[in-house]
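One-letter residues, chain by chain:
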Amino acid sequence: WLLSLASKKVKVAKYPTMEAYLRPLKHPEKRKMVGRTEEVKLLLSALNRPMISNAMLLGPAGSGKTTLVYGAEDLDPTPNRHYFEVRLPLMASAQGHTDGAVQMASRMTKLVDEVIRYQQETGQELILFMDEIHQIVKISPAAMESIKPILANSGAWHVKIIGATTYTEYNEYIKPNEALTERFVRISLPELTFDETVEALKGEVLTYMPNEFVDEQLLRRVVTATNQALPAESQPRKSLKIVDAMIGWHKTFKSTFD
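Note that this is a predicted model, so its numbers are computed, not measured.

Conventions we followed
- Residues numbered from 1 in each chain as written.
- Predicted model: local features only at pLDDT ≥ 70, side-chain atom pairs only at ≥ 80, totals over all residues.
- Heavy atoms only, no water.
- Helix = DSSP H or I, 4+ residues; strand = E, 2+ residues; numbered from the N terminus.
- Rg over C-alpha atoms; globule rule 2.2 N^0.38 Å.
- Buried < 20%, exposed > 50% of the residue type's maximum accessible area, 1.4 Å probe, protein only.
- Contact = heavy atoms within 4.5 Å.
- Areas by Shrake-Rupley, 256 points an atom, 1.4 Å probe, with all protein chains shown as cover.
- Lys, Arg positive; Asp, Glu negative; His and termini not counted.
- Charge placed at Lys NZ, Arg CZ, Asp CG, Glu CD.
- Polar contact = N/O pair within 3.5 Å; in protein donor to acceptor, adjacent residues only side chain to side chain.
- Axes fitted to C-alpha atoms, helices over the stretch in contact; angles between N-to-C directions.
- Parallel < 35°, antiparallel > 145°, perpendicular 65-115°, else oblique.
- Left-handed = near helix turned anticlockwise from the far one by under 90°.
- Nonpolar A, V, L, I, M, F, W, Y, C, P; charged D, E, K, R; others polar.
- Salt bridge = Lys/Arg side-chain N within 4 Å of Asp/Glu carboxyl O.
- Pairing = 2+ DSSP bridges.
- Expected span 1.5 Å × (residues − 1).

K.L.:
Just give me the short version of the overall build of the protein chain, but keep the residues and values in it.
P.N.:
Helix and strand content of the protein chain: 14 helices and six strands. The C-alpha atoms of the protein chain give 20 Å as radius of gyration, which agrees with the globular expectation for 258 residues (18 Å, within 12%). The dimensions of the protein chain, computed from C-alpha atoms along their principal axes, are 55 × 45 × 45 Å. Split into buried and exposed, the 258 residues of the protein chain put 46% on the buried side. Restricting the contact set of the protein chain to residue pairs at least 6 apart, pairs at least 24 apart contribute 76%. For the protein chain, the exposed surface amounts to about 13200 Å²; the carbon and sulfur share of it is 54%. Treating the 32 positive side-chain charges of the protein chain as one cloud and the 31 negative ones as another, the clouds have centres 4 Å apart.

This is the structure we're talking about:
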């Protein structure tokens, strides 16, 4: 993938850490994003700041933080800007007898060095998405220290970071580090409303099924049921899981038992 984005003059072999731990952020399906127009505007505005242009997405698990980044990528009009996901669990995996925290710090340091050199060589702007960014502090504080130069110079270096985590984990792992928090624009993602969740479910169904299978009343019953049965989980994820199962059952019985 790296060669497809870079000039033919770029020697991709010089960037093994990027190849190993970054992957292009591509929306798995072209779904309609619902209820996040203002949040997308805030995110793109943060990325376009001339100085500190990193963003921290805060919201409960299942509120759609990753989907928001997909939506921002789809709507971003900035030329020559590329979005990547940093594979943090893979970076933290221990090999041999070396401690995983030590290896993560070493890999992150190499990644920072490579993305800066890659940007300078290609002129492309890189957006690095780090889901569950608190894991860096939890596993290897030294790895978090290694990305501070990017955070401090994101606008000038054209390498920017989008982090995502929950309020609880942000308060525990990120907020105590004042120098770290001030380098992010914080964007809150409240849980989708009832009607917004129904619209999100419609988009899910339409992605996989013909129009005649969209039963709004059924979808409203799904949202009501999940709100009652799963109060600790967030919309739209808890309803999407039910709709996903319904689509699977429908396809199975339609193709196998008709």
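K.L.:
Give me the lowdown on the environment of Thr122, citing residues and values where you can.
P.N.:
The topology assignment puts Thr122 in helix H6 (residues 100–122). Thr122 sits 117 residues away from Leu5 along the chain, and the two C-alpha atoms are 9.0 Å apart. Reaching out from Thr122, the side chain makes a polar contact with the backbone oxygen of Tyr118 at a distance of 2.8 Å.

K.L.:
Describe the packing of helix H12 (residues 194–208) against helix H13 (residues 216–229), naming the residues involved and giving the relevant values.
P.N.:
Orientation of H12 relative to H13, taken along the N-to-C sense of each, is 125°, at an axis distance of 9 Å. Judged by the angle between their axes, H12 and H13 are oblique. The crossing of H12 and H13 is right-handed. For the pair formed by H12 and H13, the contact residues are Phe194, Asp195, Thr197, Val198, Leu201, Lys202 and Val205 on the first element and Glu216, Leu219, Arg220, Val222, Val223, Thr224 and Asn227 on the second. Taken together, the residues that form the contact of H12 with H13 break down as seven nonpolar, three polar and four charged.

K.L.:
Could you give an account of the pattern of salt bridges, naming the residues involved and the relevant values?
P.N.:
Evaluated as defined, the whole model comprises 14 salt bridges. With a closest N to O distance of 3.1 Å, Asp113 and Arg117 form a salt bridge. You can see Asp113 and its partner Arg117 sitting in helix H6, four residues apart, about one turn around the helix. Asp113 sits in the partly exposed class, given a relative accessible area of 41%. A residue is classified by how much of its surface remains accessible, and Arg117, at 30% relative accessible area, is partly exposed. Salt-bridge contacts for Glu125 lead to Lys160; the nearest nitrogen and oxygen are separated by 3.6 Å. Of this pair, Glu125 sits in strand S4 (residues 125–131) while Lys160 is found in strand S5 (residues 159–165), placing the two residues 35 residues apart along the sequence. In the salt-bridge network here, residues are joined through shared partners; they are Asp195, Glu199, Lys202, Glu216 and Arg220.

K.L.:
Account for the pairing of S4, naming residues and giving values.
P.N.:
For S4, the tally of buried residues reaches six of seven residues, placing the bulk of the element in the interior. Relative to S4, strand S3 (residues 81–86) is paired through five bridges, and the arrangement is parallel. Each bridged residue has a counterpart across the sheet, and for Tyr83 the counterpart in S4 is Ile127. With six bridges connecting them, S4 and S5 associate as parallel partners.

K.L.:
Mind laying out H13, listing which residues take part and the relevant values?
P.N.:
The terminal C-alpha atoms of H13, which comprises 14 residues, lie 20 Å apart, in line with the 20 Å expected from a rise of 1.5 Å per residue. You can read the cap of H13 off the contacts: a side-chain oxygen lies 3.2 Å from the backbone nitrogen of Gln217, and it is on Asp215.

K.L.:
Give me the lowdown on helix H8 (residues 141–152), citing residues and values where you can.
P.N.:
Look at H8: 17 Å from first C-alpha to last across 12 residues, which is about the 16 Å you get at 1.5 Å a residue. When H8 is considered as a whole, its buried residues turn out to be Ala143, Met144, Ser146, Ile147, Lys148, Ile150 and Leu151.

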